[in-house]
Amino acid sequence: MGVVFSARFPVLDEADLPTDLKDKIGKDWHDTLKYKREKIITNLKAVIPDETAFKERIADVAYARIGAVFNPNYPKYARIMRRFRAKINLGANDFIKNVDKAFEAGGAFEQGVYQNLAKFKENAVIVWRVMGDKDKIFGCVPKTILALKGLGKILDKVKLAKDSVSGTPIPVFKPEHETRITSIVDQILMEGLNVIVLSKEAGLDYDTLISDYNAILDSYVKNTAFVRDNIDTANTFVHIAYDATNDRIVVDVQEATF
């Protein structure tokens, strides 16, 4: 039959995101951490109830691991390691004395959550641009998964004007593999798009990254062990690409049958 479905799903621009999305999700993150404050301190004190536990579970482990970071042939290696061990062991008393105060209402923990809220929202933007928000806008990754599952009616409802869609998607993977493989494809796309978009916007090379991630995607989408018998793997693919006309990163999806 040939190609039965093709689509191009661009990564969302920050301007595409609902105006209240950052504030809503940021508030959820902030409130969740605040509400878990008591649980965190309870669990922390159960694991590190006294100075002996601090030294065994934090100081000794940190000392052993940091030793692998420094070159033992460095002339001041022994001095650095002695100083580190002394300082981290001295921290045991401070930890036990101050941990309750740090986690009290309005204490250092809550202040730290509030101070890092803007940074959290900034870092989350790239995730929203590729994933979207299921209640407001679908990103290129979930739309790709809908196409691979053959969920054309849902795709029609969530596609955007900037998306290019032709034909009707069909299920690509065998039923026994679909859930597992689409989850893997989802993760590959999310990881790949994240680093590729950031590299592009930082003025770094991203062509090699696109090639590398597309090879990984091919190992699943073109794998005859996973796809249905009617799928023409030579002409079926999910690829990350650069749209030179619009200067943006996109996901291209094509499905073909024999």
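None of the values given here were measured: they were computed from a predicted structure.

**Looking at the overall build of the chain**
Item 1. When its secondary structure is counted, the chain shows 10 helices and 6 strands.
Item 2. For a compact globule of 258 residues, the expected C-alpha radius of gyration is about 18 Å, and the chain comes in at 25 Å, more than 25% above that figure.
Item 3. Seen through its C-alpha atoms, the chain measures out along the principal axes to roughly 75 × 45 × 40 Å.
Item 4. Burial statistics for the chain: of 258 residues in total, 40% are counted as buried.
Item 5. As displayed, the chain offers around 14,700 Å² of accessible surface, 53% of which is attributable to carbon and sulfur atoms.
Item 6. Between the centroid of the 37 positive side chains of the chain and the centroid of its 36 negative side chains there is a distance of 6 Å.

**Quick word on unusual backbone geometry**
Item 1. The phi torsion at Asp247 lies on the positive side, around 55°, for a residue other than glycine.
Item 2. Along the chain, the position of Asp247 falls in the loop between β5 (237-243) and β6 (248-257).

**A closer look at the pairing of strand β1 (residues 2-10)**
Item 1. Across 8 bridges, β1 lies against β6 in antiparallel orientation. Within the sheet, the bridge partner assigned to Phe5 lies in β6 and is Glu255.
Item 2. Here 4 bridges tie β1 to strand β4 (residues 164-167), and the two strands are oriented antiparallel to one another. Bridge assignment links Ser6 to a residue of β4, and that residue is Ser166.

**Observations concerning the packing of aromatic side chains**
Item 1. For the coordinates displayed, the defined rule picks out 3 aromatic pairs.
Item 2. Taken together, a centroid distance of 5.3 Å and an interplanar angle of 40° make the contact between Phe54 and Phe95 tilted. Of this pair, Phe54 sits in helix α3 (residues 51-66) while Phe95 sits in helix α4 (residues 77-102), and the two are 41 residues apart along the sequence.
Item 3. Classification of Phe95 as partly exposed rests on a relative accessible area of 21%.
Item 4. Note on Tyr220 and Phe226: the rings are 6.2 Å apart at their centroids and 15° apart in plane angle, and the pair reads as stacked.
Item 5. Judged by its relative accessible area of 15%, Phe226 falls in the buried class.

**Re the environment of Phe95**
Item 1. Separated by 37 residues in sequence, Phe95 and Ile58 have C-alpha atoms that sit 11 Å apart.
Item 2. Apart from residues no more than four positions distant in its own chain, Phe95 is found in contact with Leu44, Ile48 and Phe54.

**Notes on the nonpolar core**
Item 1. Judged by nonpolar contacts, the single largest core of 39 residues is most densely connected at Leu189, Leu193 and Ile240.
Item 2. Of all elements in the fold, only β1, α6 (117-131), α7 (140-148), α8 (152-158), α9 (175-201), α10 (207-221), β5 and β6 reach the threshold of two or more residues within this core.
Item 3. Counting residues per element, this core draws most heavily on α9, at 7 residues.
Item 4. Excluding its chain neighbours within four sequence positions, the residues that come into contact with Leu189 are Val141, Thr144, Asn194, Leu217, Val238, Ile240 and Val251.
Item 5. Leu12, Leu17, Leu21 and Val125 belong to the second-largest nonpolar core, a separate cluster that totals 7 residues.

**With respect to the sheet that holds β1**
Item 1. In spatial order, the strands read β4-β1-β6-β5; together these 4 strands make up an open sheet with antiparallel pairing. At either margin of the open sheet sits one strand with a lone partner, and together these are β4 and β5. Going across the sheet, the axis of each strand differs from the next one's by a mean of 20°, ignoring polarity.
Item 2. Bridging between β5 and β6 involves 7 bridges; their strand directions are antiparallel.

**Things to note about a nonpolar patch on the surface**
Item 1. Together, Val69, Phe70, Tyr74 and Ile80 make up a nonpolar patch on the protein surface, roughly 360 Å² of accessible area in all.
Item 2. In this fold, Tyr74 is placed in the loop between α3 and α4.

**As for the side chain of Arg248**
Item 1. Inspection of the secondary structure puts Arg248 in strand β6.
Item 2. The class of Arg248 is buried, set by a relative accessible area of 19%.
Item 3. Apart from the residues within four sequence positions on either side, Arg248 is in contact with Pro10, Lys162, Lys200, Ala241, Tyr242 and Asp243.

Rules used in this analysis
Residues numbered from 1 in each chain as written. Predicted model: local features only at pLDDT ≥ 70, side-chain atom pairs only at ≥ 80, totals over all residues. Heavy atoms only, no water. Helix = DSSP H or I, 4+ residues; strand = E, 2+ residues; numbered from the N terminus. Rg over C-alpha atoms; globule rule 2.2 N^0.38 Å. Buried < 20%, exposed > 50% of the residue type's maximum accessible area, 1.4 Å probe, protein only. Areas by Shrake-Rupley, 256 points an atom, 1.4 Å probe, with all protein chains shown as cover. Lys, Arg positive; Asp, Glu negative; His and termini not counted. Charge placed at Lys NZ, Arg CZ, Asp CG, Glu CD. Pairing = 2+ DSSP bridges. Phe/Tyr/Trp six-rings, centres within 6.5 Å; stacked < 30°, edge-to-face > 60°. Contact = heavy atoms within 4.5 Å. Core = buried A, V, L, I, M, F, W, Y, C linked by side-chain atoms within 4.5 Å. Axes fitted to C-alpha atoms, helices over the stretch in contact; angles between N-to-C directions. Patch = residues over 30% accessible without salt bridge, like charges linked within 9 Å, V, L, I, M, F, W, Y side chains within 5 Å. Salt bridge = Lys/Arg side-chain N within 4 Å of Asp/Glu carboxyl O.

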